[in-house]
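Close look at the chain arrangement
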Amino acid sequence: MLSHPALATAVGASPFIQPLAHAPFLSEPRRRQHHAFIANDSRFAASARLLAHLWRQDQQLPTATFISRDSASKPRRRPASWFLRRDAAQAGATFLTPAIRDHARQALLFREPGAMWNEDRLWANLLSSQALTLNLLAPLATDLTLATRVFRALLPGFVDQVRSIRFEHSPGRFDDRYFGDGTALDALIEAITPDGEIAVITIEVKFTEGLTGPSATLRDRYIEAAQASGLYQDATSPTLARAGFEQLRREHVMTTLMLQYGLGSRGKFILIAPQLNRRAQAVAALYRTELRDPDGAGDPTTVAFSNITLEAIIAAMHEAGATDLARQLWARYCDYARVAQFALQCDDPSSPPPVPTPVCSFPPPASTSEPVPNEEAPPAITRSSRRRRPAAATPAKCPARPAASRPSPETTSTARGAG
């Protein structure tokens, strides 16, 4: 019988409370065994990668296979278990429901000029934070009554009604009144406060990212606007110029500028990240210490900062009545107790294998015998390959789909910030 205090805690706890204090430590052989090894993964990223592998298996979705070259320059096929094969990716299998998939296609079709969607990663990489944003918030964007219940619970006294939710939004992309660059928000919520004021809630979402960069090219306008905002004890603090911190500063100050230019009377800036992403949680905690009034208690016109865990959002959705969706989100993004139990069972040959529990159903791939897709290879996997750029695979022929819903084959920039 396998047991551990953390796993024992999970048995009697709410299904939407993270029972672990930190992500499980997964050995390199264990990760390689399941084709989920990336050399520079943090402990949390390694666990999230293995959880993505387990979720993909539950859904019976095919994994992508890449071609790399070993130390002797010989081609070698290697699966990447957190990537979907091209036909499954194009079918929208990364999204938890067909409705979310359709909303993602609409968001891409009607994207703002200059919006930076990394479409290859969005559709195929199960660790995409843009896909997480859509899986989490698109159901609220299409059901504003549900969205209102969720954000009333998360932001009591601030939200009375949610009016709209938009994705990859900027109020002034390349507008000199803002920053004159491509700084954008993962999501924007327009709401009404209990006092009847128009409020804007700006959101940055992180999944496995540790808020470590890359940073936008420094502009004088960043410092000038930060000083004028009155948000910081010292807007020139070296901490605020560090990778990750400077992104939070730009988006927080942008929210203040939105109020200044009449887009709302009240504002709040929110970071959403998993509880076990320790780097993201540490950056959020330290960022708060740089603020004069992080909760906006002294002046209601101050844009407050809130760090809300992904687990708290899912729990609020469950309490608001979206039970099935909450379970699907938890299984996809937060069930690290399952990862720990899986690792323990793999180490104990006498234990029965874990039984997959599908959280949703998707049509099977159109073909199971297509050549290897021409995907961009994941980061370095072996010591010898760290200095080599993986060779491109042979392009695959994919099933025809409507042009409006086809994910772009072009790789877009992953940098958020300066344009």
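Keep in mind it's a predicted model, so treat the numbers as computed, not measured.

**A look at the overall build of the chain**
- Assigned secondary structure in the chain consists of 14 helices and 7 strands.
- Looking at the chain as a whole, 55% of its 419 residues qualify as buried.
- Residue pairs at least 24 apart in sequence account for 70% of intrachain contacts in the chain once pairs closer than 6 positions are excluded.
- Taken as a whole, the chain presents about 18,700 Å² of accessible surface, with 52% of it coming from carbon and sulfur.

**Digging into the packing of aromatic side chains**
- Under the counting rule described, the total for this entry stands at 12 aromatic pairs.
- Ring centres of Phe-95 and Trp-123 lie 5.5 Å apart, and the angle between their planes is 90°; this geometry places the pair in the edge-to-face category. With Phe-95 in the loop between α4 (86-90) and α5 (98-109) and Trp-123 in helix α6 (residues 119-124), the pair connects residues that are 28 residues apart, well separated along the chain. Grouping residues by exposure puts Phe-95 and Trp-123 together as buried.
- Grouping aromatic residues by their ring pairs yields a cluster made of Phe-44, Phe-207, Tyr-333 and Tyr-336.
- Here the basic side chain of Arg-250 rests over the ring of Tyr-222, its NZ or CZ set 5.8 Å away from the ring centre.
- The positively charged end of Arg-332 is found above the aromatic ring belonging to Trp-55, 4.3 Å away from the centroid.

**Side note on the sheet that holds strand β3 (residues 161-169)**
- Strand order across the open sheet formed by 5 strands is β3-β4-β5-β6-β7, with mixed pairing between neighbours. Two strands close off the open sheet at either side, each with one partner strand: β3 and β7 (304-309). Between one strand axis and the next, the sheet turns by 25° as a mean value, whatever way the strands run.
- Packing of helix α12 (residues 310-319) onto the sheet brings it into contact with β6 (266-273) and β7, and relative to β7 it is tilted by some 80°.

**Describing the pattern of salt bridges**
- As enumerated under the stated definition, the model contains 15 salt bridges in all.
- Among the ionic pairs, Asp-58 bridges to Arg-338, the shortest N-O distance being 2.7 Å. With Asp-58 in helix α3 (residues 43-58) and Arg-338 in helix α14 (residues 336-347), the pair connects residues that are 280 residues apart, well separated along the chain.
- For Asp-58, a relative accessible area of 7% corresponds to the buried category.

**Some points on the environment of Val-303**
- Tracing the chain through its elements places Val-303 in the loop between α11 (278-289) and β7.
- Taking C-alpha positions, Val-303 is 9.2 Å from Ile-201, a pair spaced 102 residues apart along the chain.
- Setting aside anything within four residues of it in sequence, one finds Val-303 in contact with Leu-231, His-252, Thr-255, Thr-256, Leu-259, Gly-267, Lys-268 and Phe-269.

**A word on the side chain of Arg-49**
- Turning to its location among the elements, Arg-49 is positioned in helix α3.
- A polar contact of 2.7 Å, which involves the side chain of Arg-49, links it to the side chain of Asp-41.
- Excluding residues within four positions of it along the chain, Arg-49 makes contact with Ala-36, Ile-38, Asp-41, Trp-82 and Leu-127.

**Digging into the confidence of the model for the chain**
- In the predicted model, the chain carries a mean pLDDT of 84, and 79% of its residues have values of at least 70.
- Scored below 50 in pLDDT, residues 8-12 shows 1 contact in the model against residues more than four places distant or in partner chains.

**Brief notes about the side chain of Glu-204**
- Looking at the secondary structure, you find Glu-204 in strand β5 (residues 198-205).
- Given a relative accessible area of 0%, Glu-204 falls into the buried group.
- At 3.1 Å, the side chain of Glu-204 forms a polar contact with the side chain of Lys-206.

**Examining unusual backbone geometry**
- Despite not being glycine, Glu-168 has its phi angle at roughly 45°, a positive value.
- Position of Glu-168 among the secondary structure elements: in strand β3.
- On the accessibility criterion, Glu-168 (3% relative accessible area) is buried.

**A word on the environment of Leu-51**
- Tracing the sequence through the fold places Leu-51 in helix α3.
- Judged by relative accessible area, Leu-51 falls into the buried class, the value being 0%.
- Sequence-wise, Leu-51 and Val-339 are 288 residues apart; in three dimensions their C-alpha atoms are separated by 6.1 Å.

**Quick look at the packing of helix α7 (residues 129-141) against helix α8 (residues 144-154)**
- Interaxial distance between α7 and α8 falls to 6 Å at its minimum, and their mutual angle equals 115°. Packed against α7, whose contacting residues are Leu-137, Leu-140 and Ala-141, the element α8 presents Leu-144, Leu-146, Ala-147, Val-150 and Phe-151 at the interface.
- Looking at the contact of α7 with α8, its residues break down into 8 nonpolar, no polar and no charged.

Rules used throughout
Residues numbered from 1 in each chain as written. Predicted model: local features only at pLDDT ≥ 70, side-chain atom pairs only at ≥ 80, totals over all residues. Heavy atoms only, no water. Helix = DSSP H or I, 4+ residues; strand = E, 2+ residues; numbered from the N terminus. Buried < 20%, exposed > 50% of the residue type's maximum accessible area, 1.4 Å probe, protein only. Contact = heavy atoms within 4.5 Å. Areas by Shrake-Rupley, 256 points an atom, 1.4 Å probe, with all protein chains shown as cover. Phe/Tyr/Trp six-rings, centres within 6.5 Å; stacked < 30°, edge-to-face > 60°. Lys NZ or Arg CZ within 6 Å of the ring centre and 35° of its normal. Pairing = 2+ DSSP bridges. Axes fitted to C-alpha atoms, helices over the stretch in contact; angles between N-to-C directions. Salt bridge = Lys/Arg side-chain N within 4 Å of Asp/Glu carboxyl O. Polar contact = N/O pair within 3.5 Å; in protein donor to acceptor, adjacent residues only side chain to side chain. pLDDT = per-residue confidence, 0-100. Nonpolar A, V, L, I, M, F, W, Y, C, P; charged D, E, K, R; others polar.

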